[in-house]
Each structure stands twice: as C-alpha cells, then as structure tokens.
There are 2 protein chains.
Amino acid sequence: MLSNIDLDKKVDSKAYKNELAPLQKRLTALQEVIKEKNIPVVIAFEGWSASGKGTLISRLLYPLDPRNFNVYTMAKVNEDAVMRPVLWSYFTKTPSKGRLTIYDKSWHRAGMDSGAEKWNMSKRARQGFFYDANAFEEQLSDFGALIIKFFLHISKDEQKNRFKELQSNPDTSWRIDKADLNQNKEYSENLKIFENMLHNTNNPRSPWNIIEANDTKYATIKVYKTVIEKIEEKIKEAETSEVKNTFEDFDFTDSMPLEKVDLSLTISDAEYDKKLKELQGKISDLGYKLYKKRKSVVIVYEGWDAAGKGGNIKRVTEELDPRGYEVVPIASPSKEELNHHYLWRFWNKMPKDGHIAIFDRSWYGRVMVERIEGYARQDEWQRAYKEINDMELHMHNHGTIIFKFWLHIDKDEQLKRFKARQENPLKRHKITDEDWRNREKWNDYETAVNHMLIKTDTEYAPWTIIESNNKKFARIKVLEILVKKLEKELE
Amino acid sequence: MLSNIDLDKKVDSKAYKNELAPLQKRLTALQEVIKEKNIPVVIAFEGWSASGKGTLISRLLYPLDPRNFNVYTMAKVNEDAVMRPVLWSYFTKTPSKGRLTIYDKSWHRAGMDSGAEKWNMSKRARQGFFYDANAFEEQLSDFGALIIKFFLHISKDEQKNRFKELQSNPDTSWRIDKADLNQNKEYSENLKIFENMLHNTNNPRSPWNIIEANDTKYATIKVYKTVIEKIEEKIKEAETSEVKNTFEDFDFTDSMPLEKVDLSLTISDAEYDKKLKELQGKISDLGYKLYKKRKSVVIVYEGWDAAGKGGNIKRVTEELDPRGYEVVPIASPSKEELNHHYLWRFWNKMPKDGHIAIFDRSWYGRVMVERIEGYARQDEWQRAYKEINDMELHMHNHGTIIFKFWLHIDKDEQLKRFKARQENPLKRHKITDEDWRNREKWNDYETAVNHMLIKTDTEYAPWTIIESNNKKFARIKVLEILVKKLEKELE
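Anyway, here's the lowdown on the structure attached to this text. Predicted model, so just to flag it, every value in this text is computed and none were measured.

**Thoughts on the nonpolar core**
Ranked by size, the top nonpolar core spans 287 residues in total, and within it W363 of chain A together with W363 of chain B carry the most contacts. In contact with W363 of chain B, not counting residues within four places along its chain, are V298, V300, Y342, L343, F346, M350, I388, M391 and E392 of chain B.

Here it is as structure tokens:
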C-alpha cells in the first residue's frame, strides 16, 4: 500500500504560488460556514518523523482565524496523560461546535509498539486499541464532527537527508533523537507497522488521506485540496441530511431485570452496625492498596429519586482517605458542555491511576432522562448504549475497575420518602416539582432503566441492582460488592 | 512563637467521644448553611511531616457530604504545575460558591526553600512569594470566601517516634523519605523557617491557627472547634455586612492617556509590506527561542469595538508555529465561572512555559464593561486594579513576559467601520445591537479606559496604546514592540 505510492510527485514554485492563493481564500470563507453551521472539525496529522507535520500544519492554518482553532502537540505523554486511558488525552481536547482542533500526531500511535511503550500500556490495552480508536472516531462522526486524518509519507532517502540537514544546524539538531534515527534504519519494518495501522483504522466516515510529502509544496497543495473538499462535502451533508433513521431494536419484553427484584430484603440494626464497621475498615485499606498499585476505580450511582444515593455514597467514602477519591455530582449540562459530544464532560472527570471517582448520576442520563424528556433524539440515545460500552471497555483495558449500581425502590416507597421529606423543614428543599413530574413518568423510566440494564451490562462493567427499600440493606450490599471485587483485583 | 507552645495538651478517650459527636452534628448542619448562603470555603492544612495532616483531614470531613467538597494533595509538583506560576495550581482549584476545597499542604511552601526548589523558582519569585500568597488570600476573602489555615505543630521527639513507627511497618515505610528525616534532624532550623513563614502570612482575614498535634485527639477537637467557630463567624458576617464602602480614589483628570494619542499616524503600503515580512520572520524565530528557553508569554488585546483586534492578532500569529501559541477569545462568563472569583477563568487559561497565550479581551473587562454596565459593584471594580497588578506581578516573578495593547481609534473612525460592516453582507454578523449601545456610552468607557491605563501600567506589565485609525500602522507597531522586547528578554 504505502510502498506502491509514487513519492516523486512535485509542484514547481510558480504553479505552487498560482494554486495556493485561491485555495487559501476558499478555506478562509469555509471557516465562516463551519462556524455558522456549528460543525466541529478534527484534523489529525500523522506520519514519518521529519515528514513535515509542523510545516504543513502552519501552512494549513495560515489563512484561518487563530481565535477559532486549537493545536495540540501530542508527542510527549506527560504524567497526567499516562495515568489515564489514552483516549482521555484526545477526547478532552475535541472541539466544540464550530471550532477546529488540530492534533499534531494522532491517537493511532497508541496502537503501535512505540506509542504503547510511551503510554505504558498493557498488552490487552494495546491490542484492543484500534477498536477503541475506531469507536472514538465513530462517536465524533455521529456527533456531527468532520474528521480529517492525514498520513504524511516520505521515502527512506528523503527522511535520511532531512535528518542530516536538521542535525547539521545547532538550532534544529535537538529535534532529532535516537528513536527518529532508528525509524530510518528500520524503515521497511516501520512501513509495515504503519500500513497495518492504516488498514485497521481506515473508516468509511473518517478515512486516511495519504499525502506524498517528499515535496513539501506538493504536499501543501494536496492538504489544502483535501481539507476544502472534505469541508464542502460535510456542509452539503449537513444541509441535505434528514434526521437519521432509528433502527429496530431487539424485543426485550421477556426479561425485564427490574421485575425480578426482591424489595423485601432487609438487615437488622445490629448486623448493620457490625458489618458497616467491618466493611468500612476493609474499604479504607483497599483505598491505600489502590493508591500503591496505581489502579483507578469508577463507581457509578444511578437510581430512582429518593432511592438513597447520597446516604449510600456517604457510607462508602466515610472511612476512605479523602485524598484518594472524588465524588462527582452530575447536574444538567452547561452551554459549553452541550456544544461538545455528551461524553466529553464525563471524560473530563475520569480519575487518574490510584484514585477513585464516584459519579452521583452519570453518562447513563443519556438513555434515561434524556431519552424520556426528549433531550436526545431517538437515534442519539439508541446508539448511546454502544458508545457507553465502548468507553467503558477502553477504561477497562487501561486497567480501571468499574462498578455500576442501580438503587432500586418501588413506587410506594418513593411516595413515602417524598412525603417524609416535605414534612421535614430541613429536607424540604430536597423535593422539587421536577421530582413529582418524574414520578408521573414512572412507567416510561422503568422501561428505559430495564433497557439500560440489559444493553450495558457487560462482563467488564457489570450492573448491580441494589434493593434499596431498606437503606441499610442497600448500603451493606454496595460495600460488600466493592470489597469483594477490589480484593480480587488487588490480590 | 512555635517554641513557646505547650505541646503536652491532651484529651482522653472518654472526653474525646463526648465532645466529638455534637461537634460533628453541628458541622453537618453548618454545611447546609454554607451551601444555602453560597459561601466558598478554603481549608489549608500545613505543618511538620507526620504531624497528622491526612488523619485530621479525614476526621474533619467525616460528617460532611462528599458531594460538596474536593480534597487536593499538593505535595507533588508535576510538570504542568512547575511550568506555570505557583498560584496557578492553587487558584484553579479554588471552590465555587457554596463548596469546600481542602488543600493538603498549602501554597505557603513555595515561600520556603524546600518548596521553592520543588517549584524550580527563581530567587526573585521565591522572595516575592509571601506577598503573592497574601494577595491571593486577600482576593479570595474579598470574593467572600472563608479561608481557614491550620499549622499542625509537633515536637522533635514526637516526630522522631512517628517516623520510627511508620518505618517499622512495610505498609507505611514508603511514606517517609530522606527529606522527612532531615526535617527532624534539623528540627530547630526548620522551626525558625516555619515561624518566619507564619509571621509573614498571618493575615487579619486569614490568620493561622496553630494546632498542638502531639495528641491527635486533642488536635481533632481543636480543628473541629476552629472550623465551626470560623464558619459561624462568617455566616454572621454574611448576614449583617453591608456592601463595603468604596474609597475615594486619586484625582486623574490631569493626565488622561487617551487624550495624548496621535491618531493621524500612518504607514505606506510599501513600507508595511516590507516591515510586515521582516517582523513576522523575526517573531517566528523568537517563538522557537521562547520554546527552547521555556519562557511563557501573555499578550493582552483590549480596544474599542471595531478597532481591529482580530486582524492585528492574525498578523502576529500568521508566521508563528501554531503548536506554540493559543488565542483565547473571551466572551461573557458562564454560570460556573460566575460562581468563582472573576480571575479564576483567566488563571485556567494561563500558558505554560515555552508557550504564548494571546487574549482577545481579558481580565480587564472587570474595570471596563463590568464597571460601566454595573456587572461589578463599585468596591469590586475599584479593588480589581490591585488584584490584577498582583496577578501580573506573580506571573512576572515566575518569568512570564507580559504585553498589554490598547487598540485605539476615535469615534468617527468607529462609525465608519460600523457602517462599512453593515454594508458588507459577509461582515454584517460582526455588528450587533450591543455594539451600537456600547458606542452610546463612549464617554463613560473613555474614562474607564483612562483609569485602567493609569492604574495598571506597571514596569513589569506595561500598557502600550496602539494608534489604530490606520490598521496597518497598528499591526506594525504591535509587531515592533513584541520583537524588541522579546529580543531583549531572550538575549
């Protein structure tokens, strides 16, 4: 594939000047349309060392308004990055609607040995990475983003010459290190690695664009033309496309998980006190072990209004070292958050290795409240199940331990609790009109929850339904599950 | 001071239990009031190694809702932190209204040798740091935050015993390093260093609370009592305090900088083309030098509507490597931003060493639009001049190079440009009703700008008025100033 490409293509100076000016003008104009149509644009530059990524990025951005783009150099993997799943670094930098993000070196590096080493990836994480990368691109495409991926290709001789030139100048010699030189020495091996990467991540909606880069002028013109063509296509698509069709989902009616829950389960006060103390002691120790072993933990709390999430979380954290965890309360999204992919705000809160993040409500809002209240279109919440599974798989492959709890109560119990809150002047503020409105839609929510529990219950991130009519029973059950799995994982 | 403190104070187990329960109950209740009254609370734990900071933080937080606080361990200074001014790490983590932030190890460390080394601080930065720390606390206090600072004090023998105990257990031995042991060896020298720090940062509105910590039970009770007392005081203050008095400012009428500006200055097209090319080439080289020398640059653009900020910025960035700069457009603040100190959102955007941040409008909105439109109270914008000077001094001491440009046009020129924009269908969207409304307040803005130019024109962060009736003249002038100062700084 790469080896068949004709790298002798050239543009002479005169043709370059003649061609470039109108392309620049066109791109300036298109940038305004991108803003107006709220299209987020992601451009990734990948390729050989010294293939001219920096130069081409500069040239491409020349006619653009610098207030409307961000450029990120992804070569160095710093501590914050290496202590999180690879896609954290990329997802948190995705553009909001109408803006451009340019990545100098793309996420695909993590699927190749050299990158996997920098990211300190396990074999599992490394092998699963191209799947994760494709899922990432699919999510962004579905969100409406335009993704343009460039691979800058140069020949072995050309790379050698460029290294020599860079090395001969004291102002640029620092830019070449041993890994670069090795890449040239083992050019044909690396060619195969690149080809493999390109084949595995060449998606219909985000294909690779190979740029013959021996001649920088030729490469510049081709990059411009590609970007313009892709943006024009995207604008046309945005103008003509109907809301996507929803698909016919499986029939779930046979197996609704919530129907099988035994809400009569209770625990005696004496047993509760004894077990609470014992389990909290264990959790506290496990917290330190997590820190020492640099494992991250994500705990998701979902459940009916008044199911007791706050009190349950409190019992989990009470004896934990507060330096090791963070509770993340999720409210309705801000304007900035709504201008990004809905998973963006959760990626921003993902814990680093050694730490625990407890989500009080979570990304599952997409398939519950957003579904029921119509904040997400049907095609959006329908594809969210896979998006969420993919995100959790990526975190799992990184080594994150994931817990997901559905705190379940029945409708009578909820009414009792609502009334009790209203009668207590200290707790009255916890009950709002919205709670009563949600209650009226109990059946709709029940269906949505059942679907969620079925479709996002995975081996690597399973749901546990917590019988919560009795709050004490619920707290002990959560603690027991946490302790059991963490002990096993930290053995 | 520290040496006079009686470290033998103790609380026995029975008294501890009896005292603690009601204190915990009281604190739980107070937390609700903090939320309701929108008071941001900052609690810092400082003190000797092994003085029990972690334990005391855990115990203090025990009765609190974990969804309402964040704990940050500030011991390790990572790459992102060391490449920015010290206060960046602390300011970006300040709580929003109604929330608590607990810092395990406080900002004051940077004013002591051991901390200054970790932060890689210059002598200038280190010596100015206590001033910066006090200014930081003053800013937060003025914003309405409650700041509680604890210094945990233990004796030499007690510290030695604790080290021994920690070392004897393989689960905890990793927590003690050579620096800790040295602190004990040189206990009396360190005592003096701590005393000096405490004296220099003991502010009326954020005083230090010394905690005798040889006995952890005694320390726990005292920490609880102090926190409760301080919160109660603060709530009372919030209930009774009137809007603060504004102060009588200097009389400026004699020396209004904008009156002296010669707006007839122009440049010929030929000279413009020649100089632009030459200066852009230099700026591009200087960008690489900045990167290599790890210097950060902040460029602030302020000016009248239609003064040409966008085009001016474009000429500065055009030939810069896009990986080395970021343009930060400033719009009206989000809800989250309004719940923080107004400088918080700007701190979040400060460049790291080796990078350039260009602000298209900035923190100076506080003393212009927020003053004129009444978004800030008089006392708020009046104290903003010093707050801004303090922030810029701290950045300067860190090594950041600061430029501030006021793009100046006259009222006729603005009208001409507004009309031209309205007549151009491609630019019509750039003119809004707000622009016309602002124009009606030209004289008010002129006064505010004059005050700003006088009161925030410092040696370390000077203002330059850019005569911008002629856009080309303005662009060349900005480039010349950038090149001249950067060349000098990078010599």
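This is not the end of the story, as more comes after the structure.
**Points about empty space enclosed by the protein**
Residues and elements named next belong to chain B. Per the stated rule, a full pass over the model turns up 11 cavities of 30 Å³ or more. Considered as a void within the structure, the largest cavity measures approximately 80 Å³ in volume. I283, L286, G287, L290, V297, I299, V316, L320, I356, F403, L482 and L486 together form the lining of the largest cavity. When residues of the lining of the largest cavity are traced back to their parent elements, those giving at least two are α12 (269-293), β6 (297-303) and α21 (471-489). Looking at the lining of the largest cavity element by element, the count peaks at four residues for α12.

**Description of the environment of E233 of chain A**
Turning to its location among the elements, E233 of chain A is positioned in helix α11 (residues 216-240). Residues E233 of chain A and L146 of chain A, spaced 87 residues apart in sequence, show a C-alpha to C-alpha distance of 9.7 Å.

**Considering the relation of the copies chain A and chain B**
Note: a rotation about an axis with an accompanying shift along it relates these two copies of the chain. Superposing chain A onto chain B takes a rotation of 180 degrees combined with a translation of 0.0 Å along the rotation axis, leaving an RMSD of 0.0 Å. Read as a symmetry element, the transformation amounts to a two-fold axis. The overlap is high: 100% of the interface residues of chain A also sit at the interface in chain B, so the same surface is used on both sides.

**Topic: the side chain of N312 of chain B**
By the element assignment, N312 of chain B lies in helix α13 (residues 309-317). Contact partners of N312 of chain B, with chain neighbours within four places excluded, come to Y301, L407, A474, R475 and V478 of chain B.

**With respect to the interface of chain A and chain B**
Counting residues at the interface gives 41 residues for chain A and 41 residues for chain B. For the chain A and chain B pair, buried surface summed over both sides reaches about 3,500 Å², with 50% attributable to carbon and sulfur atoms. Broken down residue by residue, the surface that chain A buries against chain B is led by Y62, R67 and R323 of chain A, which jointly contribute 21%. Inspection of the chain A/chain B interface yields six salt bridges. Among the ionic pairs, R67 of chain A bridges to D360 of chain B, the shortest N-O distance being 2.9 Å. Elements with a contribution of two residues or more to the side of chain A that touches chain B: α2 (53-61), β2 (69-73), α3 (79-82), α12 (269-293), α13 (309-317) and β7 (325-329) of chain A. For the side of chain A that touches chain B, a count of residues per class yields 17 nonpolar, eight polar and 16 charged.

**Observations regarding the pattern of salt bridges**
Overall, the coordinates contain 78 salt bridges over all chains when judged by the stated rule. Here E380 of chain B and R377 of chain B are joined by a salt bridge, their closest N and O atoms 3.5 Å apart. On the basis of relative accessible area, E380 of chain B is assigned to the buried category, the value being 17%. Each of D142, R205, R366, E370, R377, D379, E380, R383 and E387 of chain A takes part in salt bridges that share partners, so that together they form one network.

**What to know about unusual backbone geometry**
In this structure, R294 of chain A takes a positive phi of about 55 degrees despite not being glycine. Located in the positive-phi region is R361 of chain B, a residue other than glycine, with phi close to 70 degrees. Position of R361 of chain B among the secondary structure elements: in the loop between β8 (356-360) and α16 (369-372).

**Notes on the packing of aromatic side chains**
Scanning the entire structure with this criterion turns up 48 aromatic pairs over all chains. When the centroid spacing of 5.6 Å and the interplanar angle of 50 degrees are considered together, the rings of F91 of chain A and F136 of chain A count as tilted. Here F136 of chain A lies in helix α7 (residues 129-143) and F91 of chain A lies in helix α4 (residues 86-91), a separation of 45 residues in the sequence. With respect to burial, F91 of chain A and F136 of chain A carry one shared label: buried. Here Y364 of chain B and W463 of chain B contribute two aromatic rings whose centre-to-centre distance is 4.8 Å and whose plane-to-plane angle is 65 degrees, an arrangement assigned as edge-to-face.

**A closer look at helix α10 (residues 187-200) of chain B**
What sets the pattern is the α-helix's 3.6 residues per turn: residues three or four places apart point alike. Residue and element names in this part refer to chain B. Its 14 residues give α10 an end-to-end C-alpha distance of 20 Å, which sits within 8% of 20 Å, the value for a rise of 1.5 Å per residue. Every buried residue belonging to α10 is among Y187, N190, L191, F194, E195, M197 and L198, and all of these are buried. Viewed along the axis of α10, the buried residues span an arc of 165 degrees, placing them on a single side of the element. Projecting away from the buried face of α10 at angles above 90 degrees are the exposed residues K192 and H199.

Rules behind the numbers
- Residues numbered from 1 in each chain as written.
- Chains lettered and ligands numbered in written order.
- Predicted model: local features only at pLDDT ≥ 70, side-chain atom pairs only at ≥ 80, totals over all residues.
- Heavy atoms only, no water.
- Core = buried A, V, L, I, M, F, W, Y, C linked by side-chain atoms within 4.5 Å.
- Buried < 20%, exposed > 50% of the residue type's maximum accessible area, 1.4 Å probe, protein only.
- Contact = heavy atoms within 4.5 Å.
- 1 Å grid on protein atoms, 1.4 Å probe; cavity = no way out; pocket = protein on both sides within 12 Å on 5 of 7 lines; lining within 4 Å.
- Points joined across faces, edges and corners; volume = space filled by probe spheres on them.
- Helix = DSSP H or I, 4+ residues; strand = E, 2+ residues; numbered from the N terminus.
- Least-squares fit on C-alpha atoms with pLDDT ≥ 70 in both.
- Buried area = accessible area lost by both parts, 1.4 Å probe.
- Salt bridge = Lys/Arg side-chain N within 4 Å of Asp/Glu carboxyl O.
- Nonpolar A, V, L, I, M, F, W, Y, C, P; charged D, E, K, R; others polar.
- Phe/Tyr/Trp six-rings, centres within 6.5 Å; stacked < 30°, edge-to-face > 60°.
- Expected span 1.5 Å × (residues − 1).
- Arc of directions from axis to C-beta.

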